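# Analysis of the macromolecular model
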Amino acid sequence: MLKNYLLVALRSFQRNKIFSLINIVGLAIGISASLIIFLIVSYEFSFDKFEKDNARIYRVVTDYKFAENDYHSYAVTKALLPAAPKEATGIELAVPMIQWEDNTSVSIPSGKANAPTVFKDQAIIANVDSRFFALMPYTWLEGSASTSLNQPYQVVLTASQAHTYYPNLSYSEIIGKPLTLNDSVITKITGIVADLDRNTSYDYTVFVSWPTIETPRLRPPDADQWDNTNGNTQFLVKLLPGVQPAQMAHQLTHLFDIHHHIDPNDHSTTTFNLEPLREVHFFSAYNRDDTNTHLAHKPTLYGLIAVATFLLLLACINFINLTTAQAAQRAKEIGIRKTMGSSRLQLTIQILSETFLLTLTATIFSILLTPLFLKVFADYIPAGLNANWISQPFVIGFLFALVIVVSGLSGIYPALVLSSWQPVLVLKNQAYANSGKSRSAWLRKSLTVSQFVIAQVFIIATILVGKQISYSLNKDMGFKKDAIISFRTDYRRPKPKIAVLMQSLQSIPGIERISMNINPPSSHGSWTSTMTYKDGKKNIETEVEIKKADSNYIPLYHLHLLAGTNITNSDTTNAVILNRTFAQRLGFQDPNAAIGKMLYWDKNVPIIGVIEDFHQKSLHEIIKPLVISNGSNNSRSISIALQPNTANWPATIAAIGKAFKDIYPDDTFDYHFVDESIAKYYTAEQKLSRLLAWATGLAITISCLGLLGLVIYITNQRKKEIGVRKVIGATVAQITLLLSADFIKLVLLAIVISLPIAWWLTHKWLQGFAYRTTISWWIFLAGGGILLGFALLILCWRTFRAAMANPVESLRTE
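Since we're looking at a predicted model, the values are computed, not measured.

Analysis parameters
Residues numbered from 1 in each chain as written. Predicted model: local features only at pLDDT ≥ 70, side-chain atom pairs only at ≥ 80, totals over all residues. Heavy atoms only, no water. Helix = DSSP H or I, 4+ residues; strand = E, 2+ residues; numbered from the N terminus. Buried < 20%, exposed > 50% of the residue type's maximum accessible area, 1.4 Å probe, protein only. Arc of directions from axis to C-beta. Contact = heavy atoms within 4.5 Å. Pairing = 2+ DSSP bridges. Axes fitted to C-alpha atoms, helices over the stretch in contact; angles between N-to-C directions. Left-handed = near helix turned anticlockwise from the far one by under 90°. Nonpolar A, V, L, I, M, F, W, Y, C, P; charged D, E, K, R; others polar. Phe/Tyr/Trp six-rings, centres within 6.5 Å; stacked < 30°, edge-to-face > 60°. Salt bridge = Lys/Arg side-chain N within 4 Å of Asp/Glu carboxyl O. Core = buried A, V, L, I, M, F, W, Y, C linked by side-chain atoms within 4.5 Å. Patch = residues over 30% accessible without salt bridge, like charges linked within 9 Å, V, L, I, M, F, W, Y side chains within 5 Å. Areas by Shrake-Rupley, 256 points an atom, 1.4 Å probe, with all protein chains shown as cover. Lys, Arg positive; Asp, Glu negative; His and termini not counted. Charge placed at Lys NZ, Arg CZ, Asp CG, Glu CD. pLDDT = per-residue confidence, 0-100. Parallel < 35°, antiparallel > 145°, perpendicular 65-115°, else oblique.

### Examining the overall build of the chain
Helix and strand counts for the chain come out as 24 helices and 24 strands. Within the chain, the fraction of its 814 residues that count as buried is 50%.

Below is the structure:
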C-alpha cells in the first residue's frame, strides 16, 4: 500500500513539474530559514540549564534609586559576600566571584633570560573558591576543589587554557608551574579541570584562589564598605528547597540596611533582588551593556522565530493554493478511486503522502541551501555555534518534526476537500462546480491576500527601520564627532606618564588639538553622582553625569558655550559647567542666571558656564543633566582631533601609536574613531535592518512564486477563451488586462489591509527611541509601489505570453 502511495505521488509530481518545483522551492526556503533560526534560538536558550537544581540558583543583583533616577547592576557590594551566608537563612550554597579586568596580562617563563611569554587581554580570569566548583559540574583532571584553591596565590586552569600556556607539557607536569598576573601577582598552578561541554555564562578558564584577593597586598580598600559596588563582583546563591527568592531578597536588603552607614543627607536607596540563573545570559535591566556580544536579546530571538514562522506559512499557502487550484484536474481520478472502493481515509492518506514526499524533498533541498542561509543570518549566529550542530540528534529530530507539521498544515485541507467529493457527482463533472469551485476560489483569494499582506508589512518595516538608522547616524549629536580619535591609558600606570605622553603628542604634525578627559561626550561608560543646589527655599537634588576634562575638551568637540567661560586646567575640581537640561532642572531658564551659583558636590563648587545640550548616549535615551568639570586626577582618556587632510591620517595615527608605545611599551595602543563608536550604538538596529531586508526578499520571492503558479494555472485553464477572444478581435493589451485584473485587485486589497498593521508595528518599534524619525506617508506609498511592481512584473510576463499565443494552437481541437 505504501509503495502504491509513493508511486502515485511521483506520477503526480511528474505530471505537474512546474507546480511541484514552485512548491519545493518555496518550502525549501522556509525550511532552510527555520533550520538556521532553530539552531540560533536553541543555542541561546541552552545557557545555564545544566547545573543541578538549576531552578533554585539565582544571581544577586542590585537596584539603586538616586534622586529621581533608577539604576540596576548585576554586581553587589563586596561586603555582602561574607555576610550573606552567615547572617541570612535559607542559603544552601553561596558562590562569590570577582572577575579580573579584561586587559589582564598573564606571563609564564619562556626558558629565556628576562623574556617571559606574555598573553595580553586575558578576559577569562576570576577569583573563586571551592563553592564555585560545587555549583558548576567541572571534572577534575589534576588536583581537587578542597585543596587546589584554599591557599593564597593558587591557580586552577581549564584543560584548554593549560595547553595554551604550556603546550608541550602533560597535565601532571603543568602542576606547580608559575603563572604571573599583571607582571606582579606570582601564582602557582595547583589544579586542572576539563572544559565544560555545555554553555554557561561563567566561562572562566583561569581560577584564582579566593584567599589571594584577601591578602593585604590585593585586598580592595572598599572590601568592608557596604556603600561601594564594583562591577566585577558577582554573587550566586542556591536556595534551600521551599525558600522563595523574594524572601531572600528581603533578607539581603535588610542586611544592607543594618550594616551600611546612613547619611541623613543621602536620600538614595539600595535594594537587592534575585535573578534566575537561566536569565543571566540575556540582555536585561541588569545586563545593559550593548557592547557585550555574549549577551542574547530575547525580543530579537522571538523576532527570528516570527520570521521563520511567516516564511513557512507563506510556503504552506503556496501549496494549498496550487493544490486546490488543480482540484478539477484530479476530480475524475478521485471519482474512479471511490468507485473502485477507496475509502475517504485512503484518499486522505494518499494526498497527505504526496504532501509528505514533496515536503521531504524540499527538506533535503533546504539542507543544501543551509550554507547560503548561514550567511543570511550571520549577524545573529553566536560564536559558539557552527555547522557541526546540524548533525546533532536534536536537529535531525527538529527537521523530522518540521516535515510532519508542514505536511499536515499544507496537505490537510486539500486532502479533506478532495476526499469528500461524491463519485456520482464527480463523474458527472458536477462536484467541483457545485461544491468546491466557489469555496476553493474564495480560499485561494484569501490566502493570496494573506501572503501579500505579510510581504507588504516586511517591506514597510524594512524601509522604516532603514530611515530610523539613517536618522540616528546623521542627526546632529550636539558636538563634533568626525576626524577625532580617542584612546585610553591603563589606570594602573603611574599618573605622570600621561603628562609625558601629552607633551610628546604635541609635536606630531597632523594633530589639530589634544584633550585629556574621562571619556568623549558620547560614550558607553559614564560616571554619575548626586549634586545638590540650594535655591533658598529648598534643596534640589539631582543625579548628574560627570565629564572631567581639561580646557581643550570644549573647543575640540565644538561644544556650544551658552553662557560663562570655559574651565581651566587643574588637578582638583574647582569649577563646573552645566548643560542646558541641568540648568533648567535647577530653575535657570536664562543660562546667564546660573553663572556664579554654587553646587554642592562633596563641597561647594561654583558654576562658571552653561553649554548647549548634546547627546551623551544613543538616541534611545533622553538627554540627562550633565556637568563638565576640571580636576584631572581621574582622566585617563585622550581625545585627538586630526587635521582635515584624510590622506595624512595613517601616518599621523602611526606616529601617535609610536609615541604611545614609547611611554607604555607593554600596553596595546587601542584607538577608535568617535563617529565609529557612535555608529556601534545602533548595531542591533543595523542587524535588524539586514534581517528585514533578507526576510522581505524571501517573502516576496515565495509570494511571487505562488502568484506565478496561480497565473500559469489560470492562463492554461483559459487558453480556449483567450483564443476565441483573439479571433473576435480582442487586442493583446485587453487580454493581458483581463487576465491580470483579478490578481491586481487582490494585491491592492493586501496593500490596504497591511497599512494599519505596518503602521502599528513600526510605531511601536519607534517608541524605543527617545528621538526618532517620522512615519512619513511616502513610506507606505513606496512599500505599496514595490509590492505592486513585483506583482505586475509576474502578471504581465505570464499573461502577455498567453495573450501572444496563436489562437489556432488553442482552438484546433474543437
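### Topic: helix α3 (residues 80–87)
Working note: α-helix, 3.6 residues per turn, so residues spaced by three or four point in the same direction. Here α3 has its buried residues at Leu80, Leu81, Ala83 and Ala84. For α3, the buried positions fall inside an angular range of 170 degrees around the axis, keeping them on one side. Elements in contact with the buried residues of α3: β1 (57–66), β3 (91–99), α7 (210–213), β12 (233–239), α8 (245–259) and β13 (269–276).

### Details of the sheet that holds strand β15 (residues 511–517)
Ordered in space as β15-β23-β14-β24, the four strands form an open sheet in which the pairing is antiparallel. Across the chains shown, the open sheet's two edge strands, defined by having one partner strand only, are β15 and β24 (671–673). On average, adjacent strands in this sheet sit at an angle of 20 degrees to one another, irrespective of strand direction. Packed onto the sheet, helix α15 (residues 496–505) meets β14 (484–488), β15 and β23 (637–642) and runs at close to 170 degrees relative to β15.

### A word on the packing of α3 against α8
Where α3 contacts α8, the two axes come as close as 11 Å, and the packing angle between them is 115 degrees. Regarding α3 and α8, the two cross each other, and that crossing is right-handed. Residue-level contacts link Leu80, Ala83, Ala84 and Glu87 of α3 to Leu252, Leu255 and His259 of α8. Tallied by class, the residues present in the contact of α3 with α8 amount to five nonpolar, one polar and one charged.

### Observations regarding the packing of aromatic side chains
Within this structure, the stated rule accounts for 29 aromatic pairs. Seen in terms of ring centroids, phenylalanine 38 and phenylalanine 398 are 3.8 Å apart; in terms of plane orientation they differ by 0 degrees. Their pairing is stacked. Of this pair, phenylalanine 38 sits in helix α2 (residues 17–44) while phenylalanine 398 sits in helix α12 (residues 393–419), and the two are 360 residues apart along the sequence. Seen in terms of ring centroids, tyrosine 533 and phenylalanine 588 are 5.4 Å apart; in terms of plane orientation they differ by 65 degrees. Their pairing is edge-to-face. Residue tyrosine 533 is found in strand β16 (residues 528–534), and its partner phenylalanine 588 is found in the loop between α17 (580–585) and β20 (598–600); the two are separated by 55 residues along the sequence. Taking relative accessible area as the criterion, tyrosine 533 reaches 7% and is therefore assigned buried.

### Some details on the pattern of salt bridges
For the structure on display, the rule yields 13 salt bridges. In this structure, glutamate 545 engages lysine 547 in a salt bridge whose closest nitrogen and oxygen atoms are separated by 3.4 Å. Lysine 547 matches glutamate 545 in its accessibility class, with the two residues each being buried. Each member of the salt-bridge network shares a partner with another, and the members are Asp53, Arg56, Glu92 and Lys238.

### Some remarks on the pairing of strand β22 (residues 626–629)
Because side chains alternate across β22, one face comprises the buried residues Leu626 and Ile628, and the other comprises Val627 and Ser629, equally buried. As paired elements, strand β17 (residues 539–548) and β22 share four bridges and run parallel to each other. Residue pairing across strands places lysine 548 opposite serine 629, the latter belonging to β22. Of the strand pairs in this sheet, strand β19 (residues 576–579) and β22 are connected by three bridges, and their pairing is antiparallel. Of the residues in β22, the one forming a bridge with valine 576 is serine 629.

### Observations regarding the nonpolar core
Judged by nonpolar contacts, the single largest core of 81 residues is most densely connected at Leu304, Leu311, Phe373, Phe377 and Leu707. Within the residue set of this core, elements represented by two or more residues are α2, α9 (298–325), α11 (344–376), α12, α14 (431–474), α20 (683–717), α22 (732–766) and α23 (777–804). Apart from the residues within four sequence positions on either side, phenylalanine 377 is in contact with Ala33, Ile36, Ile37, Ile40, Leu304 and Leu691. Ranked by size, the runner-up nonpolar core spans 26 residues in total, among them Ala88, Ala94, Ile213 and Phe256.

### With respect to unusual backbone geometry
Only a minority of non-glycine residues have a phi that is not negative, and only a minority of peptide bonds are not trans. Residues other than glycine seldom take positive phi values, yet aspartate 53 does so here, at roughly 55 degrees. As for its position among the elements, aspartate 53 is in the loop between α2 and β1. Phi is positive for asparagine 182, close to 50 degrees, though the residue is something other than glycine. Considering the arrangement of structural elements, one finds asparagine 182 in the loop between β9 (178–181) and β10 (185–193).

### Quick word on a nonpolar patch on the surface
Residues Leu749, Ile753, Ile757, Trp759, Trp760 and Leu761 make up a contiguous nonpolar surface patch of about 560 Å² in total accessible area. Among the structural elements, isoleucine 757 can be located in helix α22. Overall, isoleucine 757 belongs to the partly exposed group, its relative accessible area being 38%.

### Overview of a negative patch on the surface
A cluster of like negative charges, contributed by Glu101, Asp102, Asp121 and Asp670, occupies part of the molecular surface. Among the structural elements, aspartate 102 can be located in the loop between β3 and β4 (106–108).

### Observations concerning the confidence of the model for the chain
Summary statistics for the chain give a mean pLDDT of 83 and a share of 87% for residues scoring 70 or more. Residue range residues 431–436 is modelled with pLDDT below 50. Its contacts to residues more than four positions away, or to other chains, number 14 contacts.

### Focus on the packing of α15 against helix α18 (residues 649–663)
Look at α15 against α18: their axes get within 10 Å of each other, and the N-to-C directions meet at 150 degrees. Classified by the interaxial angle, the pair formed by α15 and α18 is roughly antiparallel. For α15 against α18, the interelement crossing comes out right-handed. Two secondary-structure elements touch here, α15 through Lys497, Val500, Leu501, Ser504 and Leu505 and α18 through Ile656, Ala659, Phe660 and Ile663. Taken together, the residues of the contact of α15 with α18 sort by class into seven nonpolar, one polar and one charged.

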